[in-house]
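Architecture at a glance
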Amino acid sequence: MPAPPCLRAPRGDVRAPPRLTDPGAIAPFLQDAARTPGGHAAAVFLPRTEGEVAWVLREGTAVLPVGAQSSLTGGATPFGEWVMSLARLDAIGPVQDGAVRAGAGVALSSLQDALRPHGLFYPPVPTFQGALVGTGG
Ligand SMILES: Cc1cc2nc3c(=O)[nH]c(=O)nc-3n(C[C@H](O)[C@H](O)[C@H](O)COP(=O)(O)OP(=O)(O)OC[C@H]3O[C@@H](n4cnc5c(N)ncnc54)[C@H](O)[C@@H]3O)c2cc1C
């Protein structure tokens, strides 16, 4: 039996992704839709591949994955963790036999747009269609 995806080696090289460290560039990632005050982080990572996600999880002491940061609970607000934005994992594969592979960073609205021409839709969605597949679905 093949290993489940969470146990197999990542596709692609395990290497450092692009990162933001400038306070001005990081600022938009320090709050989610709950507007919880006091968010702070030393770096925001923007992985584009499984290997880059693996690097962040291997090297980070505490990592907060974030999608669209539309959380209403403050759960996507960093308090000292490395922020790992999933927004660049936004590939949508071909729709075949009623199935599609979508990256964790695909917005639910984009996924619905890709499925609509095939007469399909993705049912488990919150009201906010800007949420990302990695969390929102
Ligand atoms: C206008 C509006 C309407 C909404 N309506 C609803 C609704 O009807 N129902 C509902 O349930 N919610 C609703 N929400 C809340 C929010 O949109 C959802 O909770 C949504 O699923 C969050 O998706 P996100 O991509 O913004 O995740 P984020 O807010 O970025 O993250 C949410 C949490 O998941 C974690 N996380 C993110 N990605 C991953 C990942 N790939 N792996 C592991 N953990 C991850 C984050 O660390 C965080 O703790 C609404 C929000 C808004 C602003």
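Here goes a summary of the coordinates provided.

Per the counting criterion, the structure on display carries 5 salt bridges. Of the charged contacts in the structure, one is a salt bridge between Glu50 and Arg11, with a shortest N-O distance of 2.7 Å. In this pair, Glu50 is assigned in helix α2 (residues 50-59) and Arg11 in the segment before β1 (19-20), connecting sequence segments 39 residues apart. Under the relative-accessibility criterion, Glu50 is labelled partly exposed at 28%. For Arg11, a relative accessible area of 45% corresponds to the partly exposed category. We note a salt bridge from Glu52 to Arg48, for which the minimum N-O separation is 2.6 Å. Looking at Glu52, the relative accessible area reads 0%, which means it is buried. Within the structure, one salt-bridge network assembled from shared partners comprises Arg15, Arg48 and Glu52.

Further remarks concern the site of the ligand. Taken together, 20 residues are adjacent to the ligand, and Pro65, Gly67, Ser70, Thr127 and Thr135 come closest. A distance of 2.7 Å is found between an oxygen atom of the ligand and a backbone nitrogen or oxygen belonging to Gly67. Its free accessible area being 970 Å², the ligand has 64% of it covered by the protein chains.

With that out of the way, let us pick up the packing of aromatic side chains. A full pass over the atoms with the stated rule returns 3 aromatic pairs. On the numbers, 4.4 Å between centres and 40° between planes, the contact of Phe45 with Trp82 is tilted. Of this pair, Phe45 sits in strand β2 (residues 44-45) while Trp82 sits in strand β4 (residues 82-85), placing them 37 residues apart in sequence. Ring centres of Trp55 and Trp82 lie 6.1 Å apart, and the angle between their planes is 5°; on these two criteria the pair is classed as stacked. Taken together, the residues span a long stretch of sequence, with Trp55 in helix α2 and Trp82 in strand β4 at a distance of 27 residues. The class of Trp55 is buried, set by a relative accessible area of 13%. Taken together, the ring pairs connect Phe45, Trp55 and Trp82 into an aromatic cluster.

Rules used in this analysis
Residues numbered from 1 in each chain as written. Predicted model: local features only at pLDDT ≥ 70, side-chain atom pairs only at ≥ 80, totals over all residues. Heavy atoms only, no water. Salt bridge = Lys/Arg side-chain N within 4 Å of Asp/Glu carboxyl O. Helix = DSSP H or I, 4+ residues; strand = E, 2+ residues; numbered from the N terminus. Buried < 20%, exposed > 50% of the residue type's maximum accessible area, 1.4 Å probe, protein only. Near = heavy atom within 4 Å. Polar contact = N/O pair within 3.5 Å; in protein donor to acceptor, adjacent residues only side chain to side chain. Areas by Shrake-Rupley, 256 points an atom, 1.4 Å probe, with all protein chains shown as cover. Phe/Tyr/Trp six-rings, centres within 6.5 Å; stacked < 30°, edge-to-face > 60°.

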